[in-house]
Amino acid sequence: MRFAYSRRTFLTAVLLVTAIGKVLAEDRILELAIHNAESPAKPPVLSVLQNDQVVVRLTSDKPLHVHLHGYDIESDVAPNLVTTLRFTATATGRSPIEIHSNEPRKQRPLAYLEVRPR
Amino acid sequence: MTPRLLRRRPCQRSGAFVASLSVLFSRPAYGHGFGLRYDLPLPLVLWIIGAASTVLLSFLIVAIAVRSNASVEAPTQLNLLRWQITNAVTGGKPRLIARLLAVAALILIVVAGIIGDQTPTRNLAPTAIWIAWWVGFCYLSAFVGNVWSVVNPWAAIFDWCEQLLSKPPASRRARVNWPKSLGVWPATALFLVFAWLELVWEGRSIPSQLAWLAIGFSVLTWTGMFVFGRSTWLTHADPFALAFGILSKFAPTEICVEHAGCDTRAAYGGTVVTDRGEALDCDRCYRAAESRRRWILRPPGVGLLHTENISHSLMVFVIVMLSTVTFDGLMATPFWQRIEDALYVALPALGDSRLAIINTLGLLSFCALFIAVYRLVATLIGHASKKRMTPDAASRAFVLTLVPIAIAYLIAHYLSYFLIQGQLLIRLASDPFGFGWNIFGTAHFRPDIGIVGARFVWYTSLLAIVIGHVAAVSLAHIIALRSFDDPRLAIRSQIPMLVLMVAYTMMSLWIIAQPIVE
């Protein structure tokens, strides 16, 4: 039951926050899989602490362009390749990661990055 | 560029920056005027502290008020112009320079909007209008004084034209008398239009559209000033002169000018009229009689006790102003997002402009709700005062006491936005038209989103909201004591107002405790 719910929730975007070992305790890895250039109905929130090393790994079945606001990091995402955004979360705040497109319709962010103070 | 800023952009794609920005703004972004906000929601524990102290302090103030029935003394005032230095600063020449700068800024913004690059962040107009002018002058008005009335470029241009064209410069009298029944309704309507433009209109971040709006507003303002008289227009129809004037009643300074040698004096049967800084309207009197000018330093908030001239329409103006500011915050909450989504799905018949229609209706109903609730509170005050005050009189007497809560909310809601998005001006100063200039060498400045940390924003917001609430409750208490000779009755009559203020403050707290959704 729980599995079915998770699958439905993360049908369009899969969020995996993994802490790898004690040595890399401050590395936060976010994996974001985008299907059909669509945002999930409820964008996941990646919560990290200030000065964490953040790695966002993006995959998509279509070519697109993503933008993390605030930190102002953007990148093209090629289909079937892992695109990595790597940065130190120096500033606190909540910034959306969005797909940039020419479509005039309002689109939800892919995810939110929340950097909380330590 | 500092190494820290460099590290923020590790991607290879910096060349696509300009191109992608234009793409970013091609889609409608609903919310406040322009630009994103990065605030973290207020943590639960701070929310509880804020809510608890709001209620506790309200009771404390009332409890102290019950015991003291001393009459309210006139607050101490200090005329800052007693010193030569302040006289020099506020004299004719510095004022002329300030006005020239304001006029130059207006012209620069309009020209930039029309001929400049149409990418919102590469053109001076959107940032200058929404962040520097609107938010900036709200803060200046509330915490310094009515600076707008001194520098208002539209008034300055009108003054200069009048001085040039009419010899002798005498025609300050209106060509058409302002109908009494009109009150400040035109300003109220224009303020609603402005709020709609700020919160709902899709073109609000498009430089050329903003420039044309400014031109339209100029034509309207000058026509109105010409027909009805400059000061009548500023005090009855100009939404900004009125809004900044109301916020500046809270401010610690006030400029007063006595009309001694102009038509205003004649219109009042030869008696000297003091302009309490609402529209520092008499350029000639301001320059002519330095001894008739006062620049008063006073405790913050006491200006809000001057409730004599509050008309019914001005009361509505104040409530509309407060409600649109709060609606701005509400629109960015998940709560409003859910309503918007539900209506979006439910009303497919409205077509592509659904979101705009939903938000327009939201804005109007929110205003109507605020007015209705305030009206109800006024009725309750009238009832509690044993009919010594009519609901209408109560609504006019107490409306300004809500202003500190609104100012506190302006801090909580806009401070980090102002400090972060305002940094764009550093870049735009070097390249106002987006032509690739670099006049001051700052064209490549990148805003530092870490300029204020989340903790600083949280504590400032919380402190501002609690202090604003205390100021509001205290002011309402002073007005109640002044209005009713019986202190017990004064306390009783204040209870509905107190409930309203606690609710209003809680709402401000609730909004900043919500995650911001764009």
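None of the values given here were measured: they were computed from a predicted structure.

Cut-off values and rules
- Residues numbered from 1 in each chain as written.
- Chains lettered and ligands numbered in written order.
- Predicted model: local features only at pLDDT ≥ 70, side-chain atom pairs only at ≥ 80, totals over all residues.
- Helix = DSSP H or I, 4+ residues; strand = E, 2+ residues; numbered from the N terminus.
- Contact = placed C-beta atoms within 7 Å.
- Buried ≥ 20, exposed ≤ 12 C-beta atoms within 10 Å, placed from the backbone.
- Expected span 1.5 Å × (residues − 1).
- Bend = angle between axes of the 7 residues up to and from the residue.
- Axes fitted to C-alpha atoms, helices over the stretch in contact; angles between N-to-C directions.
- Parallel < 35°, antiparallel > 145°, perpendicular 65-115°, else oblique.
- Domains from an automatic or database assignment.
- Pairing = 2+ DSSP bridges.
- pLDDT = per-residue confidence, 0-100.
- Left-handed = near helix turned anticlockwise from the far one by under 90°.
- Nonpolar A, V, L, I, M, F, W, Y, C, P; charged D, E, K, R; others polar.

## Section: the overall build of chain A
Scanning chain A for helices and strands turns up one helix and nine strands. Reading chain A from its N terminus to its C terminus gives the helix and strand order α-β-β-β-β-β-β-β-β-β. Taking as baseline every contact in chain A between residues at least 6 positions apart, the subset at least 24 positions apart corresponds to 63%.

## Focus: the overall build of chain B
What chain B contains, in helices and strands, is 22 helices and four strands. Out of the 518 residues in chain B, the part that is buried amounts to 44%. Considering only contacts in chain B between residues 6 or more positions apart, those separated by 24 or more positions represent 81%.

## Overview of helix α19 (residues 403-421) of chain B
Each α-helix turn comprises 3.6 residues. Residues three or four places apart therefore point the same way. All names here are of chain B. In this model α19 runs 25 Å from its N-terminal to its C-terminal C-alpha over 19 residues, within 8% of the 27 Å that 1.5 Å per residue would give. A bend of about 50° at Y414 is the largest found in α19. The element α19 is largely enclosed, with a buried count of 17 among its 19 residues.

## Some words on the packing of α19 of chain B against helix α22 (residues 487-512) of chain B
Residue and element names in this part refer to chain B. Viewed as axis vectors pointing N to C, α19 and α22 meet at an angle of 5°, and their least axial separation amounts to 10 Å. Between α19 and α22, the angle is such that the two are roughly parallel. Within the contact between the two elements, α19 uses I405, A408, Y409, A412 and H413 and α22 uses M501, Y504, T505, S508 and I512.

## Quick notes on the domain arrangement of chain B
All names here are of chain B. The assigned domain composition of chain B is domain 1 (24-76 + 314-432 + 443-518) and domain 2 (78-297). Domain 1 puts 34 residues into the contact, and the matching count from domain 2 is 37 residues. Those elements that provide at least two residues to the side of domain 1 that touches domain 2 are α15 (312-331), α17 (354-384), α19 and α20 (424-430). Among the elements that take part in the side of domain 1 that touches domain 2, α15 stands out by supplying 10 residues, more than any other.

## Some points on the sheet that holds strand β8 (residues 93-100) of chain A
All names here are of chain A. As summarised here, the arrangement of the five strands in space is β3-β9-β8-β5-β6, forming an open sheet in which the pairing is mixed. Looking at the sheet topology across the chains shown, the edges are occupied by β3 (45-49) and β6 (73-77). Sheet twist, expressed as the average angle between the axes of neighbouring strands with direction ignored, equals 20°.

## What about the confidence of the model for chain A?
Do not read the fine detail of predicted coordinates wherever pLDDT is low. Residue and element names in this part refer to chain A. On average, chain A scores 77 in pLDDT, and the residues at 70 or more come to 73%. Note on residues 1-5: pLDDT under 50 across the span, and zero contacts to partners over four residues away in sequence or across chains. Predicted confidence is poor over residues 8-25, with pLDDT under 50, and the contacts of this stretch with residues over four places away or in other chains come to 27 contacts.

## Describing the pairing of strand β5 (residues 64-68) of chain A
Remark: a regular strand shows side chains that alternate across the two faces of the sheet. All names here are of chain A. Strand direction decides the pairing type here: β5 and β6, joined by five bridges, are antiparallel. Its bridge partner lying in β6, L64 is registered against V77. Where β5 hands over to β6, the hairpin turn is made up of four residues, of which G70 adopts a positive phi near 80°. Bridging between β5 and β8 involves four bridges; their strand directions are antiparallel. Residue pairing in the sheet places V66 in a bridge with I99 of β8.

## Remarks on the environment of A368 of chain B
Residues and elements named next belong to chain B. By the secondary structure assignment, A368 is in helix α17. Judged by local crowding, A368 falls into the exposed class, with 12 C-beta atoms found within 10 Å. As a C-alpha pair, A368 and I319 span 49 residues in sequence and 9.4 Å in three-dimensional space.

## Side note on unusual backbone geometry
Non-glycine residue N36 of chain A carries a positive phi angle of around 60°. Along the polypeptide, N36 of chain A turns up in the loop between β2 (27-34) and β3. We classify N36 of chain A as exposed; it has 8 C-beta atoms within 10 Å. The backbone of K387 of chain B sits at a positive phi, close to 65°, despite the residue not being glycine. Tracing the backbone through its elements, the reader meets K387 of chain B in the loop between α17 and α18 (391-398).

## Regarding helix α6 (residues 124-143) of chain B
The largest bend along α6 of chain B measures about 30° and falls at G136 of chain B. Most of α6 of chain B sits out of view: 14 of its 20 residues are buried.

## Observations regarding the environment of P334 of chain B
Residue and element names in this part refer to chain B. Examined against the element boundaries, P334 turns out to sit in helix α16 (residues 334-346). Its 14 C-beta neighbours within 10 Å are what place P334 among the partly exposed residues. In this structure the C-alpha to C-alpha distance between P334 and A241, which are 93 residues apart in sequence, comes to 34 Å. Sequence-distant contacts of P334, defined by excluding residues within four places in its chain, comprise Q514, P515 and V517.

## Some thoughts on the packing of α6 of chain B against α19 of chain B
All names here are of chain B. Relative to each other, α6 and α19 sit at 140°, their axes nearing to 11 Å. In this view, α6 runs oblique relative to α19, as classed from their interaxial angle. The way α6 lies across α19 gives a crossing that is left-handed. Judged by residue contacts, T127, I131, V135, C138 and A142 of α6 engage I407, L410, Y414, F418 and Q421 from α19. Partitioned by chemical class, the residues of the contact of α6 with α19 number eight nonpolar, two polar and no charged.

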